[in-house]
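Reading the structure
Here's the letter readout for the chains.
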Amino acid sequence: MQTMKYLTQSFVLTAVFLGLTALPTTASAASESVLINPGSIKWGDAPPSLPKGAKIAVLYGDPSKSGPFCMRLKVPAGYKIPAHWHSQAEALTVISGTFYLGMGDKMETAAAHPLMAGGFHYLPAKEHHFAISKGASIVQVNGEGPFDITYINAADDPQKNTKQ
């Protein structure tokens, strides 16, 4: 009887452990618990609304739908996002590197403020801003979806600019 109880407990613990390790790395709703270590983050190409060269990882939620989301953006040295705005507020945290943010309708690199790893910036909805990364950087963006980007100068939109 004691052996059967031990086997049952072992089976349940093994099933729970295997179930946890089989979880996807992103959750579809904010009510789901998410645990992700850096080595488990799945990176993919950033959407075409961002300049080429960036990678993105969605940690939870779905940025294309209504509701909370958390994503990371990995950019190479020399990466620039021209002046733009978002219809929803966003909270940005620098994970690694130094990410430069500037406010306004055009990119003025001298006016950009450096945010080092651990730095935080809150952007209200429709705030005109631009971003630059002189070295490789990773930033985390938290917000309410749907996430969008509207370029101040339509010619800066990578989806419309075929020279990229």
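Scope of this entry: the structure provided in the associated data block. (Residues numbered from 1 in each chain as written. Predicted model: local features only at pLDDT ≥ 70, side-chain atom pairs only at ≥ 80, totals over all residues. Heavy atoms only, no water.)

1. Remarks on the layout of surface pockets
How we decide: Buriedness for pockets is judged along seven lines, at least five of which must meet protein on both sides within 12 Å for an open set on the 1 Å grid over protein atoms alone, while cavities are sets there where a 1.4 Å probe fits but cannot get out, and lining residues have an atom within 4 Å of a point. Grid points are joined across faces, edges and corners, and a volume is the space filled by probe spheres set on the points.
Within this model, the second largest pocket holds a volume of roughly 220 Å³. Around the second largest pocket sit 21 residues that line it, and Leu50, Leu73, His86, Val141 and Phe147 are the ones nearest its centre.

2. Looking at the sheet that holds strand S5 (residues 90–96)
Strands belonging to one sheet form pairs held by backbone hydrogen bonds; the direction of such a pair is parallel or antiparallel. Convention followed: Pairing between two strands is assigned when DSSP locates at least 2 bridges connecting them. A run of DSSP states H or I qualifies as a helix once it reaches four residues; a run of E qualifies as a strand once it reaches two. Both are numbered from the N-terminal end.
The 6 strands are arranged S1-S2-S3-S10-S5-S8 in an open sheet whose pairing can be described as antiparallel. Of all strands in the sheet, those with a lone pairing partner are strand S1 (44–45) and strand S8 (120–123), marking the two edges. Alignment of strand S3 (residues 67–75) against strand S10 (residues 137–145), held across 9 bridges, turns out to be antiparallel. Bridge pairing in S10 links Phe69 to Gly143.

3. Brief notes about the pattern of salt bridges
A side chain with one charge may pair with a side chain of the opposite charge, provided their charged atoms come close. Going by this rule: For salt bridges, the criterion is a side-chain nitrogen of Lys or Arg within 4 Å of an Asp or Glu carboxyl oxygen. With a 1.4 Å probe rolled over the protein chains alone, any residue whose accessible area is under 20% of its type maximum counts as buried; one over 50% counts as exposed, and the rest are partly exposed.
This structure, assessed with the given rule, holds 2 salt bridges. Residues Lys55 and Asp45 are paired through a salt bridge, measuring 2.5 Å at the closest nitrogen-oxygen approach. In this pair, Lys55 sits in strand S2 (residues 55–60) while Asp45 sits in strand S1, placing the two residues 10 residues apart along the sequence. Taking the shortest distance from any N to any O, the salt bridge between Lys65 and Asp62 comes out at 3.8 Å. A relative accessible area of 52% means that Lys65 is categorised as exposed. The exposure class of Asp62 is partly exposed, given its relative accessible area of 29%.

Nothing here speaks to function; it is all geometry.
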